[in-house]
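Here is what each chain is made of, one letter per residue.
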Amino acid sequence: MRLWRFSASGFALWAVLNGPLFAVGYHYQVEVTSHFVEDSAGNLGSLKLSWLYDGPVSLLLFDDEMSRQGERAQNLAMLADRIMSDLQEYSYYANLHVDGVSQQFATVTDYKLGLNKGKRLKLDFTLPLAQPVALAGKQIEIKWWDPNGTGALLYQSANNVSMGSVKANCNIELENYPDAEHGEVAQAARFRCQ
Amino acid sequence: MFQFFQQGFWHFLQAPSHIIVLSGLGLLIGQQGSRGIHIGLLSFTLTIVSGLLLTQLFTLNWKHDVVLLILAIAIGGLLALRLNLPAWSIASWAALAGITIGIDSAPSMIPGMKTAITYASLAGTALSTCLLVLLVTLPSLVLRSPLNGIILRVLGSWVTASALMVLVLMFSPR
């Protein structure tokens, strides 16, 4: 009887302390850096991306302590395969519009996952467009959006967006949506190239 | 992994519609007596587990909250009317609540996350929803007889009113 009361009290205490903590769901943040890659004709062919995951989700996805010496690279490669396979289902969270026309992406084949010095996961990959598109004189808008509302992918500043040879002719601006809720777009990067 | 089990356990707190339906269902099956509890709990447990597993097969883009709130209105109405429901009716209402809540309780999706973590979250959700229905059922069993079960009938009208209020708030402009 005493054990039952102790267990019930413990459960009630755990419930009161933890309930509010988990009532909002799990969320994480990714710092995005992107470089627009043009082909020889000056058309946008792909985006070179670097995603830096926050600390807690990095630990959740890859516990470096659990990796034995020599297996770390293999485990990171396996995790990278899973991540890219899952991301493909959501079009890599990318929403790219050129003059209001939505662009489609091809399957990512070039990717690498590593851990930085702060034990944060860093995913580098090249996101190819299904069809190259000319940028000159066009309005380009890119938004990163997780429809599940779990991840928030954001550029820290306009310096995290680079263009290549046409950069000198492009005006880049970031618009943040502070009232965006989970599952909604929180930021848009727009630029027009001459 | 335990973090995601907890995440799943408290998932019902993220949606008022879940709390209203679970509470209403628990009160309704308790009102039906011990027979209703056995049938209702069994039906609910089987369908909530099925619904949760279905979230791994597909995603439905439908207004889960609206469906759940309409279900809560119906359950609250049955509670207020204090009808002696046949076994198939108890099982059906519990199954409807279970499958709808299950499908609406997909765990947080992080690309690359191991399947085991996903299933830990689903297990937490299944456990908490069944526990919540059971915990509400017990006092309902006690309250079904005194004063012609008026307390439960009043609670039934509150369930309906709460569901209607949440439904109206959902459609009101921000």
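The structure under discussion appears in the preceding block.
Predicted model only: the values in this text are computed from it and were never measured.

Calculation notes
- Residues numbered from 1 in each chain as written.
- Chains lettered and ligands numbered in written order.
- Predicted model: local features only at pLDDT ≥ 70, side-chain atom pairs only at ≥ 80, totals over all residues.
- Helix = DSSP H or I, 4+ residues; strand = E, 2+ residues; numbered from the N terminus.
- Buried ≥ 20, exposed ≤ 12 C-beta atoms within 10 Å, placed from the backbone.
- Contact = placed C-beta atoms within 7 Å.
- Core = buried A, V, L, I, M, F, W, Y, C linked by C-beta atoms within 7 Å.
- Axes fitted to C-alpha atoms, helices over the stretch in contact; angles between N-to-C directions.
- Left-handed = near helix turned anticlockwise from the far one by under 90°.
- Nonpolar A, V, L, I, M, F, W, Y, C, P; charged D, E, K, R; others polar.

Further remarks concern the environment of Ile37(B). Residues and elements named next belong to chain B. Structurally, Ile37 is set in helix 3 (residues 33-54). Owing to 21 C-beta atoms within 10 Å, Ile37 belongs among the buried residues under this scheme. Along the primary structure Ile37 and Leu141 are separated by 104 residues, whereas in three dimensions their C-alpha atoms are 8.7 Å apart. Each residue touching Ile37, except ones within four places of it in the same chain, is listed here: Ile29, Gly30, Thr137 and Leu141.

Counting 43 residues, the largest nonpolar core has Val32(A), Leu49(A), Leu61(A), Ala94(A), Leu121(A), Leu123(A) and Leu127(A) as its most contacted members. It is strand 2 (residues 43-53) of chain A that contributes the most residues to this core, five residues altogether. Discounting chain neighbours no more than four positions away, the residues touching Leu123(A) are Trp51(A), Ala80(A), Ile83(A), Tyr111(A) and Leu113(A). By size, the runner-up hydrophobic cluster in this structure holds 37 residues, among which are Ile29(B), Leu69(B), Leu96(B) and Ala126(B).

The subject of this paragraph is the packing of helix 2 (residues 16-31) of chain B against helix 3 of chain B. Residue and element names in this part refer to chain B. Axis separation between helix 2 and helix 3 bottoms out at 7 Å; the angle between their running directions is 145°. In the packing of helix 2 onto helix 3, the handedness of the crossing is right-handed. Facing helix 2, whose interface residues are Leu25, Ile29 and Gly30, helix 3 presents Gly36, Ile37, Gly40, Leu41 and Phe44. Across the contact of helix 2 with helix 3, the residue classes break down as five nonpolar, three polar and no charged.

Residue and element names in this part refer to chain A. Phi at Tyr93 is positive, roughly 60°, even though this residue is not glycine. Structurally, Tyr93 can be placed in the loop between helix 3 (72-89) and strand 3 (94-98). Even without a glycine there, the phi angle at Lys119 is positive, about 60°. Its location among the elements puts Lys119 in the loop between strand 5 (111-115) and strand 6 (121-134). When the 13 C-beta atoms within 10 Å are taken as the criterion, Lys119 is described as partly exposed.

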